[in-house]
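Structural overview for review
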Amino acid sequence: MAVDELQAIIQRCQILEEADFKGEDFNLFQVAGQKCLEDGYAAQLLEVVQNEKNKVIIKNMGWNLICPLVRCILMYKQEDDNREHCLKILDLLVQLCNAKELFLGLLEQIEQTSGEQICKTVMLLLQPLQTVLFKLQNKKAYSVGLSLAVIMNQLTPLPVPYTKQQIQEDKLGLCQCCNAVVNFAKPFVSEVVKNMEKSSDCNDTELKEELLKFCMKSLKYPLLTAQLDQLESSEEHPFRHFATEIIDILRDTRELIQLLFSHHKDRSQSWENKEFADIEQKNSAESLACLSYLMFVQYFGIDYFPMVFSPSYLLQCNMAHIEVLLNRTEESVLSKGLELFESVLLRMEDNSLLHQYLELSNFITVPQNLVKVMTLCPIEHLRKKSLNILQLFINKFDAEGKYTLFRCLLKTSNHAGVEGYIIKNIKDQIHLALMKVGDNNWFTGHHLVSLLDLVLLLPDGAETDLLQNSDRIMASLNLLRYLMIKDGEYDNQTGVWTMLAKIEQNFLKPLRVGLNMSKAHYEAEIKNKKENRRDSNSSNTVCSVTVSGEKLPAMTTEMQLQVLRSALFTFDLIESVLARVEELIEMKIKAV
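Since the structure is predicted, the reported quantities are computational estimates derived from the model, not experimental observations.

**Here's the deal with the overall build of the chain**
Within the chain, the regular secondary structure consists of 26 helices and 4 strands. Within the chain, buried positions represent 50% of all 592 residues. A fraction of 73% describes how many contacts in the chain between residues 6 or more apart in sequence connect residues 24 or more apart.

Put into structure tokens, the structure is as follows:
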């Protein structure tokens, strides 16, 4: 019987001195204790642990019972007496066992757990682990840091609840566990704060460093991917509560503002611990970006933020964070990047951002990332939002800044829709310049002529794919038509009449040739499809068709005809605007 085996081992060890315990004794005690727990004799094991005569034995060997104890506690139902006995045994082990060995045993148990048991195990062992950490005399800061690191490493693989329903259900217990972990850290934060109050030079203590590592990990997981919008019900949002606690730790340790204005590539140099410096340099970019999002979008800790910085400086400080967030593809992270960008832009007045900011690399890369979201992101509402933010970004620059940004995006976007959108913006700026609104000479004269060289041309001459580039071509033609109407050949404020020969050579003539070739090709295709349909006596024959170099899914003949007719309609639209432009040029020349 398990209890008898345990009693026999206890009786043998009671007559031994502490130094005479052998490895075999430890193994026999562990096996017998585990068997007692598994066979339902937790009450008898509790009596053994409570017995004062066994105090030395439990001190040395008790930590071996952690693994079977945790397994049984999680297995028994809440109302089961055996579970209550196991919990009492665990409390006694925390009081009686060697602190160092028990610490290692608790961490080992957390490390070995997996799947659905992770959060349950962590929450069960947080209080015992905290008690043991306070008993440790040596390397306390290291032990606290190791504990937090082990816990966070175990939690990180778990999926973060995203929808409101997932958050409310919290199937794996992650929401509850995260808040339990931050409560576990609070006494150590208080200890750091007390030390800082005693000495103003005590800002780089080891314990403070370990707590900052925990905060940085928490910002990356779970807060970076967590949905932080308010729940509809009156209950408190668990991740919002967790975010508040993390911000409070950073504030209390006087690191909040310093982190907000630090760049992730330089931050690691301020740490003495090289191992942390290497890890922090690699991973802190996303953590700092999340921190900035929490502050400037969700307004966590905004009361502690000094309101002395200009909106343009805040934008400059946040551009690196925005770039980090927009480089990710997950909806939860992308949306944070867009919201942060929008938030800092809305603080600024239109036309107030100096063109010199475009000399900073991320003022170029961020709008390029926005273009990628606009054109490649599969999520429609994020594509639309990124387009709105790009326009907001454009509006904030002075005239030279807009001019420079337009040139950059025309050269780098590689997307006809985006190029068409930029050309429409150029047209709007030219209109303001002609109306003498503000100092807008960057969109008249020789500056504009240089910009029009990028706009009024076909990338591949007459062989340009007109269908794929239709957005850009239509925008360019509309701009040219506007210039012909609004800028007289005698005024020539825009310089368009000076470069008319070049426009005809590089744009209008190749476009006319390309249109004739494309229309002839598509009309021939339509004719062939109709003849094939007549020969097969069916409009449901399935085959493939290629448009703009891309093979479309299998289509019936009737569906193919619809695609071809749609292409012809696009060519007709282009041709009608082209004809109007040619007519305006002819009228002006005749008038002269």
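**Looking at the packing of aromatic side chains**
With the rule as written, the count across this model stands at 16 aromatic pairs. Measuring from centroid to centroid gives 5.8 Å for Phe 261 and Phe 305, while their planes differ by 20 degrees, and the two rings are stacked. Taken together, the positions of Phe 261 in the loop between helix 14 (256-260) and helix 15 (264-267) and Phe 305 in the loop between helix 16 (274-296) and helix 17 (311-326) put the pair 44 residues apart, joining distant regions of the chain. Ring pairing ties together the aromatic residues Phe 261, Phe 296, Phe 305, Phe 309 and Tyr 313, which thus form one cluster. Looking at Lys 427, its charged tip hangs above the ring of Tyr 482, at a distance of 5.1 Å from the centre.

**Thoughts on helix 24 (residues 470-486)**
For helix 24, spanning 17 residues, the distance from its first C-alpha to its last is 24 Å, which sits close to the expected 24 Å at 1.5 Å a residue. Those residues of helix 24 not exposed but buried are Ser 470, Arg 472, Ile 473, Ala 475, Ser 476, Leu 477, Leu 479, Leu 480, Tyr 482, Leu 483 and Met 484.

**Focus: the packing of helix 22 (residues 416-434) against helix 24**
Between helix 22 and helix 24, the least distance of the axes is 7 Å, while the angle of their chain directions is 15 degrees. Overall, the two elements helix 22 and helix 24 adopt an arrangement that is roughly parallel. Note that helix 22 runs across helix 24; the crossing there is left-handed. On helix 24, the residues touching Ala 416, Gly 417, Glu 419, Gly 420, Ile 423, Ile 426, Lys 427, Ile 430, His 431 and Leu 434 of helix 22 are Asp 471, Arg 472, Ala 475, Ser 476, Asn 478, Leu 479, Tyr 482, Leu 483 and Lys 486. Among the residues making up the contact of helix 22 with helix 24, the classes are represented as 9 nonpolar, 5 polar and 5 charged.

**Digging into a nonpolar patch on the surface**
Judged by side-chain polarity, Val 308, Phe 309 and Tyr 313 come together as a nonpolar surface patch covering roughly 280 Å² of accessible area. Mapped onto the elements, Phe 309 comes out in the loop between helix 16 and helix 17. Of the residues examined, Phe 309 reaches a relative accessible area of 30% and is grouped as partly exposed.

**Things to note about the environment of Glu 342**
Position of Glu 342 among the secondary structure elements: in helix 18 (residues 331-346). Judged by relative accessible area, Glu 342 falls into the partly exposed class, the value being 26%. Taking the C-alpha atoms as reference points, Glu 342 and Lys 385, separated by 43 residues in sequence, lie 9.3 Å from one another.

**Re the environment of His 431**
Take His 431: it is sitting in helix 22. For His 431, a relative accessible area of 32% corresponds to the partly exposed category. Measuring from C-alpha to C-alpha, the distance between His 431 and Leu 483 comes to 9.1 Å, with 52 residues separating the pair along the chain.

**Side note on the packing of helix 7 (residues 99-112) against helix 9 (residues 140-155)**
Helices that pack against each other are described as a pair by the angle of their axes relative to one another and the distance between those axes. As a packed pair, helix 7 and helix 9 sit with axes 9 Å apart at the nearest point and diverge in direction by 15 degrees. In terms of orientation, helix 7 and helix 9 fall into the roughly parallel class. Relative to helix 9, helix 7 is oriented so that their crossing is left-handed. For the pair formed by helix 7 and helix 9, the contact residues are Phe 103, Leu 107, Ile 110 and Glu 111 on the first element and Ser 143, Leu 146, Ser 147, Val 150, Ile 151 and Gln 154 on the second. Classifying every residue of the contact of helix 7 with helix 9 gives 6 nonpolar, 3 polar and 1 charged.

**Observations concerning the state of the cysteines**
Considering all chains together, one arrives at 0 disulfides under this definition. A disulfide-free cysteine, Cys 177 has its sulfur positioned 4.2 Å from the sulfur of Cys 119, the nearest such atom. For Cys 177, a relative accessible area of 0% corresponds to the buried category.

**Here's the deal with unusual backbone geometry**
Most peptide bonds are trans, and most residues other than glycine sit at a negative phi. A cis amide bond links Tyr 221 with the next residue in sequence, Pro 222, at an omega value of 10 degrees. Tracing the backbone shows Pro 222 in helix 12 (residues 206-223). A positive phi angle, close to 65 degrees, is found at Asn 351, a residue other than glycine. Turning to its location among the elements, Asn 351 is positioned in the loop between helix 18 and helix 19 (362-376). Residue Asn 414 is not a glycine yet carries a positive backbone phi of 55 degrees.

**So, the nonpolar core**
The biggest cluster of nonpolar side chains holds 187 residues, and the ones touching the most others in it are Leu 155, Phe 214, Leu 294, Phe 341, Leu 477 and Leu 511. Tallying contributions element by element places helix 11 (residues 174-198) first for this core, with 12 residues.

**Some remarks on the confidence of the model for the chain**
The predicted model of the chain has a mean per-residue pLDDT of 87, with 88% of residues at 70 or higher. Low pLDDT, under 50, characterises residues 264-269; the stretch is placed with 13 contacts to residues that sit more than four places away or in other chains.

**Looking at the side chain of Gln 391**
Note that Gln 391 resides in helix 20 (residues 380-396). Residue Gln 391 is classed as buried on the basis of its relative accessible area of 18%. One polar contact links Gln 391 to Asn 395, side chain to side chain, over a distance of 2.9 Å. Those residues in contact with Gln 391 that sit more than four places away from it in its chain are Tyr 421 and Asn 425.

**Some points on the pattern of salt bridges**
Tallied over the full model, the rule gives 21 salt bridges. A salt bridge links Lys 208 to Glu 255; the shortest N-O distance between them is 3.4 Å. Of this pair, Lys 208 sits in helix 12 while Glu 255 sits in the loop between helix 13 (238-252) and helix 14; the two residues are 47 residues apart in sequence, bridging distant segments of the chain. Each of the two residues, Lys 208 as well as Glu 255, counts as buried. We note a salt bridge from Arg 251 to Asp 252, for which the minimum N-O separation is 2.8 Å. Given the relative accessible area of 29%, Asp 252 is considered partly exposed.

**Some details on the side chain of Asn 179**
Among the secondary structure elements, Asn 179 is positioned in helix 11. Within the structure, the side chain of Asn 179 is placed 3.3 Å from the backbone nitrogen of Phe 242, a separation counted as a polar contact. Setting aside its immediate chain neighbours within four residues, Asn 179 contacts Pro 238, His 241 and Phe 242.

What counts, and at which threshold
Residues numbered from 1 in each chain as written. Predicted model: local features only at pLDDT ≥ 70, side-chain atom pairs only at ≥ 80, totals over all residues. Heavy atoms only, no water. Helix = DSSP H or I, 4+ residues; strand = E, 2+ residues; numbered from the N terminus. Buried < 20%, exposed > 50% of the residue type's maximum accessible area, 1.4 Å probe, protein only. Contact = heavy atoms within 4.5 Å. Phe/Tyr/Trp six-rings, centres within 6.5 Å; stacked < 30°, edge-to-face > 60°. Lys NZ or Arg CZ within 6 Å of the ring centre and 35° of its normal. Expected span 1.5 Å × (residues − 1). Axes fitted to C-alpha atoms, helices over the stretch in contact; angles between N-to-C directions. Parallel < 35°, antiparallel > 145°, perpendicular 65-115°, else oblique. Left-handed = near helix turned anticlockwise from the far one by under 90°. Nonpolar A, V, L, I, M, F, W, Y, C, P; charged D, E, K, R; others polar. Patch = residues over 30% accessible without salt bridge, like charges linked within 9 Å, V, L, I, M, F, W, Y side chains within 5 Å. Areas by Shrake-Rupley, 256 points an atom, 1.4 Å probe, with all protein chains shown as cover. Salt bridge = Lys/Arg side-chain N within 4 Å of Asp/Glu carboxyl O. Disulfide = S-S within 2.5 Å. Core = buried A, V, L, I, M, F, W, Y, C linked by side-chain atoms within 4.5 Å. pLDDT = per-residue confidence, 0-100. Polar contact = N/O pair within 3.5 Å; in protein donor to acceptor, adjacent residues only side chain to side chain.

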